[in-house]
Structure formats: structure tokens, C-alpha cells
Amino acid sequence: MQIIRSTAQMRAAVRVARDRGASVGLVPTMGAFHAGHLSLMRQARGETNLVVVSLFVNPTQFGPNEDLAAYPRDEQRDAGLAAEAGVDILFAPPVDQIYPDGFATTVHVSGITDVLCGATRPGHFDGVATVVAKLFGIVTPDVAYFGQKDAQQVLVVRRMARDLDMPVRIQACPIVREDDGLAMSSRNAYLDATARTRATALRRALVAAETALAAGHTRATEVIAAARAVLDDAGIEPEYLELRSPDDLAPLDEITGTALLAVAARVGAARLIDNTILEVR
Ligand code: PAF
């Protein structure tokens, strides 16, 4: 596996691969790899010829009081894991390669960024959309792989790619979980033992909602109450626990087809998110 730090070298490597007819898969990451990241890399390996993983802790998607400085970083470990997963290129640029002096552009996707994480993390999705647009411009992937845990991020990137005619397919990949159901996240590293146990309530809350729906409770108030009871039991006050359309994040009162139930909560030192798709057949 090659490690590339400059955008010029990254472009050159893609050009060489394209010249021999290779398709390009991109897995954008901020590092601190876990099994969720590795599943994206393996899917990219199975579907595309040149697999590029970007490793860039993007400063513009962190708010002023967020965890940019504390965000876990271990490039050597990440490089080893990416190589084992069959990645061809780890693109790990320094900040000035992505945001050179005079950088003055922000990509803003409106509407779907006003709710859920966008409501509590102002500017977050501008940072995400801008860096992903930049990565798409540098790597020119045919397919880009994102985890469904960040369901709103997937929708934002898809909308951006569609609106700006970016010739890339956005592939959402299933949430990967620990044995006890906790969704894999680099931020799980912030959990101490007590918080780690309490954190399992997020997944259990989503399962309670699934069970309520299976018992015929299709109203948002009913499924949300079922999930809320589990969080209450664990002493977790959600930042949000909302039922929304999985297509455009419009709020839903009733589940008639598919619905996204999304939750965010601070547990100990970590802000965690999780979600499930609820479906009435
Ligand atoms: O999901 C992430 O790790 C980041 O938001 C992303 C997509 C790599 C952009 O910095």
C-alpha cells in the first residue's frame, strides 16, 4: 500500500490507474479505524480496481467546543489495518494540502442540514460537504463508500453529488456493531467502563422501537415513547430522538412505508449517534 500526502501525487496515481482502465473506489475517513471502516474498505476492494482511503481529520467540520484536538489519531496503526484490508492508497494529506492559504469556498447543502445533527452542530455539514467535494475533485472516484451510521451525512453527500453533477455513486454500507449492539465509532474510545455499559441503551432503544412497530404501533409518538423509555432507564437524555423520512428527513407522524429513527446523545465523554430504518410492509 502506498501512502500519499500531496494532492498532485494523488491525482497522478489516479491518472495512471485510469489509463489502464481501472475503476476507482474512495473511502473517506478521519482515521482511528474500527471494523466499520474496514467493512467499507473491503466493500470497495470487492467492487473497484483502485481502492483509495483518505485519512484526514477535517478541522472545518468540528465546532469551536468540539473534540478536534482530542480526536484519536494513530496513522501507523491505521496504515497497517488499511493494508490488511487490501487498500491500494492511503491518502493522508496535511491540512495545507486540503485548505491552502486563501481557501475561500464552502459547500452548503440547504434544508436537510438544518435538522438532527445539523441543528445541534451548526456548520458541521458545511465542513463535511466541503471536504468531501474536495476529495471527490482530487480522487475522482467512481464509487464513494460511507457508513449508514451517519445516515444524515450520507443524504447530504448524495444531495451534493446530485445537485453538482458529480459523476460518483454514493454507496451507503450497513452499520457495524459491537457484540452488545453498540454501533462502532471512533468516539467510543472516549467511553469509560460505566459509560460504555450505559451506551448500549442507544441500540436497545432502537430495538424497542422496532418491537413496538412489530406489535402494530405505527404512530411516531408510540415508537418514540418505546425508545425513550429505554433511554430514561439508562439515565440518558437524548439530544434528539426523531422519526423522519429516510429520503429527505421530513418529520413523520406515522410510519406507512419506511422511516428513519435517529438518536444522538451524550454518554459520559462521548457524543454518540445511531439509527435504524423502520418499515411497514
Ligand atoms: O464520516 C467521517 O469520518 C467524515 O465526516 C468524513 C466523511 C470523512 C468527512 O471528513
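These lines cover the structure that appears in this document, whether it is placed above or below. (Residues numbered from 1 in each chain as written. Predicted model: local features only at pLDDT ≥ 70, side-chain atom pairs only at ≥ 80, totals over all residues. Heavy atoms only, no water.)

A look at the site of the ligand
Here comes step 1: Contacts to the ligand come from Pro28, Thr29, Met30, Asn58, Gln61, Val128, Val131, Phe146 and Gln153.
Here comes step 2: Taking Gln153, its side chain carries an N or O atom lying 2.7 Å from an oxygen atom of the ligand.
Here comes step 3: Computed on the free molecule, the ligand has an accessible area of 290 Å², of which 88% lies beneath the protein chains in the complex.
Here comes step 4: In this structure the site holding the ligand corresponds to the largest cavity.
Here comes step 5: The residue inventory of the shell around the ligand, partitioned by class, reads five nonpolar, four polar and no charged. (Near = heavy atom within 4 Å. Polar contact = N/O pair within 3.5 Å; in protein donor to acceptor, adjacent residues only side chain to side chain. Areas by Shrake-Rupley, 256 points an atom, 1.4 Å probe, with all protein chains shown as cover. 1 Å grid on protein atoms, 1.4 Å probe; cavity = no way out; pocket = protein on both sides within 12 Å on 5 of 7 lines; lining within 4 Å. Sits in = over half its atoms within 2 Å of the grid points. Nonpolar A, V, L, I, M, F, W, Y, C, P; charged D, E, K, R; others polar.)

Focus on unusual backbone geometry
Here comes step 1: Although it is not a glycine, Leu116 sits at a positive phi angle of roughly 45°.
Here comes step 2: Relative to the elements of secondary structure, Leu116 occurs in the loop between α4 (95-98) and α5 (117-120).
Here comes step 3: The buried category is assigned to Leu116, whose relative accessible area is 5%. (Helix = DSSP H or I, 4+ residues; strand = E, 2+ residues; numbered from the N terminus. Buried < 20%, exposed > 50% of the residue type's maximum accessible area, 1.4 Å probe, protein only.)

What about the sheet that holds strand β1 (residues 2-4)?
Here comes step 1: Pairing is parallel in the open sheet, where six strands are placed in the order β1-β4-β3-β2-β5-β6. In this open sheet, the two edge strands, each paired with only one partner strand, are β1 and β6 (169-173). Sheet twist, expressed as the average angle between the axes of neighbouring strands with direction ignored, equals 25°.
Here comes step 2: Sheet analysis places strand β2 (residues 24-29) next to strand β5 (residues 143-147), joined by two bridges and oriented parallel. Bridge assignment links Gly25 to a residue of β5, and that residue is Val143. (Pairing = 2+ DSSP bridges. Axes fitted to C-alpha atoms, helices over the stretch in contact; angles between N-to-C directions.)

Remarks on the sheet that holds strand β9 (residues 270-279)
Here comes step 1: The strand order across the open sheet built from three strands is β7-β8-β9, with neighbouring strands paired in antiparallel fashion. Edge positions in the sheet fall to β7 (238-244) and β9, since each has one partner strand and no second. Put simply, the sheet's adjacent strands are angled 10° from each other on average, direction ignored.
Here comes step 2: Bridging between β7 and strand β8 (residues 258-267) involves six bridges; their strand directions are antiparallel. When the sheet's bridge partners are listed, Tyr240 is paired in β8 with Ala264.
Here comes step 3: Its contacts with the sheet place helix α8 (residues 193-214) against β8 and β9, and it is angled at close to 15° to β9. (Contact = heavy atoms within 4.5 Å.)

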